[in-house]
Amino acid sequence: MSSHLQETHRRRTFAIVSHPDAGKTTLTEKLLLFGGAIQMAGSVKGRKAARHATSDWMALEKERGISVTSSVMQFPYEDKIVNLLDTPGHADFSEDTYRVLTAVDSALMVIDCAKGVEERTIKLMEVCRLRDTPIMTFINKLDREGRSPVELLDEVESVLGIACAPLTWPIGMGKRLKGVYHMLLDEVHIFEPGKNFTRQDSTIFKGLDAPGLEEAIGTEALNELREELELVQGASHPFELDKYLAGKLTPVFFGSAVNNFGVQLLLDFFVEHAPAPRSRNTLGREVKPEEEKLTGFVFKIQANMDPAHRDRVAFMRVCSGTYTAGMKMLQTRTNKEVRIANALTFMASDREIVESAYPGDVIGLHNHGTISIGDTFTEGEAISFTGIPNFAPELFRRARLRDPLKMKALQKGLAQLSEEGATQFFRPLMSNDLILGAVGVLQFDVVAYRLKDEYGVDATFEPVGVVTARWIHCDDAKKLEEFREKNAMNLGIDAAGELVYLAPTRVNLQLAQERSPAVRFSATREHA
Ligand code: G4P
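Note that the structure is predicted; figures quoted are calculated from it, not measured.

*Asks:* Could you clarify how one ought to interpret the overall build of the protein chain in this entry?
*Replies:* In terms of helices and strands, the protein chain carries 15 helices and 33 strands. Residue burial in the protein chain is summarised as follows: out of 528 residues, 56% are buried. For the protein chain, the proportion of contacts with a sequence separation of at least 24, taken over those separated by at least 6, is 71%.

*Asks:* Please clarify how the sheet that holds strand 9 (residues 187-190) should be interpreted in this entry.
*Replies:* By way of backbone hydrogen bonds, the strands of a sheet pair with one another, either parallel or antiparallel. What the 4 strands build is an open sheet, ordered 7-8-9-10; its pairing is antiparallel. Strands at the two margins of the open sheet, each flanked by one partner only, are strand 7 (168-171) and strand 10 (204-206). Mean inter-strand twist for the sheet, computed between neighbouring axes without regard to direction, equals 20 degrees. By the bridge criterion, 4 bridges tie strand 7 to strand 8 (residues 179-182) in an arrangement that is antiparallel. Within the sheet, the bridge partner assigned to P170 lies in strand 8 and is V180. Of the strands in this sheet, strand 7 and strand 8 touch helix 9 (residues 219-235), which is tilted by about 145 degrees from strand 7.

*Asks:* Please explain the nonpolar core as it appears in this structure.
*Replies:* Generally speaking, soluble globular proteins have nonpolar side chains that are buried together. One finds L27, L31, F138, M316 and L365 to be the most contacted residues of the largest nonpolar core, which totals 111 residues. The contact partners of L365, leaving out residues within four places of it in the chain, are R312, V313, A314, M316, M329, I340, A343, I371 and F377. By size, the runner-up hydrophobic cluster in this structure holds 16 residues, among which are L414, L417, A422 and F425.

*Asks:* Quick question: what am I supposed to make of the pairing of strand 11 (residues 249-254) here?
*Replies:* In the case of a regular strand, side chains alternate between the two sheet surfaces. For strand 11, a buried count of 6 out of 6 residues is recorded, marking the element as mostly surrounded by other parts of the structure. Side chains of strand 11 alternate between two faces, with L249, P251 and F253 and T250, V252 and F254 buried alike. Where strand 5 (residues 135-140) and strand 11 come together, 3 bridges link them in parallel fashion. Bridge pairing links T137 to V252 in strand 11.

*Asks:* Looking at this structure, I do not really get a negative patch on the surface. What am I missing?
*Replies:* Taken together, the side chains of E220, E224, E227 and E230 present a region of like negative charge at the surface. Tracing the chain through its elements places E220 in helix 9. For E220, a relative accessible area of 63% translates into the label exposed.

*Asks:* Help me understand the environment of A163 in this model?
*Replies:* With respect to the helices and strands, A163 occurs in strand 6 (residues 163-166). Not counting residues within four places of it along the chain, the set of residues in contact with A163 comprises E157, H237, K248, L249 and T250.

*Asks:* Would you take a moment to explain a nonpolar patch on the surface for this structure?
*Replies:* A cluster of nonpolar side chains, contributed by L429, M430 and M489, occupies part of the molecular surface with about 330 Å² of accessible area. Tracing the chain through its elements places L429 in the loop between strand 26 (424-428) and strand 27 (435-438). Overall, L429 belongs to the partly exposed group, its relative accessible area being 30%.

*Asks:* I keep staring at the confidence of the model for the protein chain and nothing clicks. Help me out?
*Replies:* Residues shown with low pLDDT carry predicted positions that ought not to be read at fine detail. For the protein chain, the average pLDDT comes to 86, and 87% of its residues sit at 70 or higher. The model gives residues 45-69 a pLDDT under 50, and that stretch makes 45 contacts with residues more than four places away or in other chains. Scored by ipTM, the complex comes to 0.98, with pTM at 0.82.

*Asks:* Teacher, can you tell me more about the side chain of H273 here?
*Replies:* By the secondary structure assignment, H273 is in helix 11 (residues 263-273). Other than its neighbours up to four places away in sequence, H273 contacts M136, F239, L241, Y244 and L245.

*Asks:* Which parts of the structure should I look at to understand the packing of aromatic side chains?
*Replies:* How two aromatic rings sit relative to each other is given by the distance of their centres and the angle of their planes. Applying the stated criterion across every chain yields a total of 13 aromatic pairs. Plain terms: the ring middles of F444 and F461 are 6.1 Å apart, the flat faces sit at 45 degrees to each other, and that makes the pair tilted. In this pair, F444 is assigned in helix 13 (residues 442-455) and F461 in strand 28 (residues 459-463), connecting sequence segments 17 residues apart. Both residues of the pair, F444 and F461, belong to the buried class. Here the aromatic cluster, defined as three or more aromatic residues joined through ring pairs, consists of F239, Y244, F253 and F269. Across the ring face of F315, the terminal group of K300 is positioned such that the distance to the ring centre comes to 6.0 Å.

*Asks:* Explain the sheet that holds strand 6 to me, please; I cannot follow it from the model alone.
*Replies:* Read from one edge of the open sheet, 7 strands run 2-3-1-4-5-11-6, paired in mixed fashion. A strand with exactly one partner marks an edge of an open sheet, and here the two such strands are strand 2 (72-77) and strand 6. Strand-to-strand twist in this sheet, taken as the mean axis angle between neighbours without regard to direction, amounts to 30 degrees. The strands touched by helix 2 (residues 24-34) within the sheet are strand 1 (11-18), strand 2, strand 3 (80-85), strand 4 (106-112) and strand 5, with strand 1 carrying the most contacts at an inclination of about 155 degrees. Against the sheet, helix 11 touches strand 1, strand 2, strand 3, strand 4, strand 5 and strand 11, its axis set at about 180 degrees to strand 5.

Reading guide: rules and limits
- Residues numbered from 1 in each chain as written.
- Predicted model: local features only at pLDDT ≥ 70, side-chain atom pairs only at ≥ 80, totals over all residues.
- Heavy atoms only, no water.
- Helix = DSSP H or I, 4+ residues; strand = E, 2+ residues; numbered from the N terminus.
- Buried < 20%, exposed > 50% of the residue type's maximum accessible area, 1.4 Å probe, protein only.
- Contact = heavy atoms within 4.5 Å.
- Pairing = 2+ DSSP bridges.
- Axes fitted to C-alpha atoms, helices over the stretch in contact; angles between N-to-C directions.
- Core = buried A, V, L, I, M, F, W, Y, C linked by side-chain atoms within 4.5 Å.
- Patch = residues over 30% accessible without salt bridge, like charges linked within 9 Å, V, L, I, M, F, W, Y side chains within 5 Å.
- Areas by Shrake-Rupley, 256 points an atom, 1.4 Å probe, with all protein chains shown as cover.
- Salt bridge = Lys/Arg side-chain N within 4 Å of Asp/Glu carboxyl O.
- Lys, Arg positive; Asp, Glu negative; His and termini not counted.
- Charge placed at Lys NZ, Arg CZ, Asp CG, Glu CD.
- pLDDT = per-residue confidence, 0-100.
- Phe/Tyr/Trp six-rings, centres within 6.5 Å; stacked < 30°, edge-to-face > 60°.
- Lys NZ or Arg CZ within 6 Å of the ring centre and 35° of its normal.

The following block contains the structure:
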């Protein structure tokens, strides 16, 4: 096998999806520990405190070095290379999260055993489903009293509409937690609180009849386990690789991230079964990771360490071929060739200049305002990857300047921030307003802060009579023109120059749709 193929097949690129507080940060940290990427628990933790308040978030973003590096964490585990893509942790729902999910090959869902399936998890699962992303599940906080495991699996199946195949099964919960049983390995792993478990220092019994097991967990717990297993094996789904890969079935692990319990069993199974990089669609054809020529797309742009220089990093997911330092790439949207000498890689332990990167990897391209989310890079072929959406905002504000002379700076700032995906930006056809759209309300605070900090613009945002937006398409040029004339009051142009319907009310939107059946109203816009 060529080294390109070998490197491709050992990549595992994924993201963790969860409702806030289910344990994503804690689990991330444990995974990094196993990957040897960090030496001590606590290193990841520090940065998440910021989530709850805007002011904290901003202070945190000032230390951009941390947030940029931790957006992508690469670590080796056994013979695999794992790329963990962080989804932003703000309490506010964010479009960024959605776009990160377009760049992964699989996802890991974390559920709090006391809370079960929560609202954000449901939303994120909807996104995973759009691309049939394979999902593994970790039910966390077993060291606390939670709902019964059967009830939890039922809830996942009915609320999220995905079959569950338990791979480990808890023996007790809360204070009575004794361990987990691994269904495929037929092993009992004993929970010994206070230990930082790795495979080496946890006690393992092979099979339910292993000598010493009964003493270790007690007769009652063992009998209970036998009964439960009988029940579960009859009532639940067995693990089937093809169903998992098709996004129809999720393998489920139980554990306690904070105690590092059950985590390695999950990771072992993950690196073995989670998919290697998969093929991806472009407008013209499917691109296979095995192809020799480099292709990739940008799914995220983030301000870098030094705001004074407006330096930003564009995160590109490699889809095929090999990136090597110094190579030339074609940015297909602009049809410009660029030489990329100093892309960043994201070994979790260290940020360094990357020499080569393979499908599944993410590289950071320095961006001076020329790269947009959704951009495709190739070695010359004119293709564009699809499926990196903009979502119709649900919140709108009109930007007002304190100093009218700063209009140019404001426009430039808004254009750049919308390019990064920090906000969306619309100009009505019939007025000079600058209208911002967001999916979460925190986005406005962030934009106001960054306009001031990075562009020296003091702007305020005031309410505006728009409730939602739809991108407008029509194959019939004449009908489109008619529509434009009739609805000019409610039309605008987005930052990419696309026509958008800015609806003052839901009823108005519905009427407009009914009156112009030839026009498509789309709630998402594909980049590119
Ligand atoms: P998130 O990133 O999904 O938001 O969750 P995070 O890992 O920050 O965990 C949320 C809280 O749950 C943290 O407590 C964390 O310590 C706790 N936690 C995570 N895993 C487990 C577990 O297995 N068992 C128990 N009992 N708790 C767990 P916190 O009080 O918010 O923070 P901290 O002060 O404990 O660090």
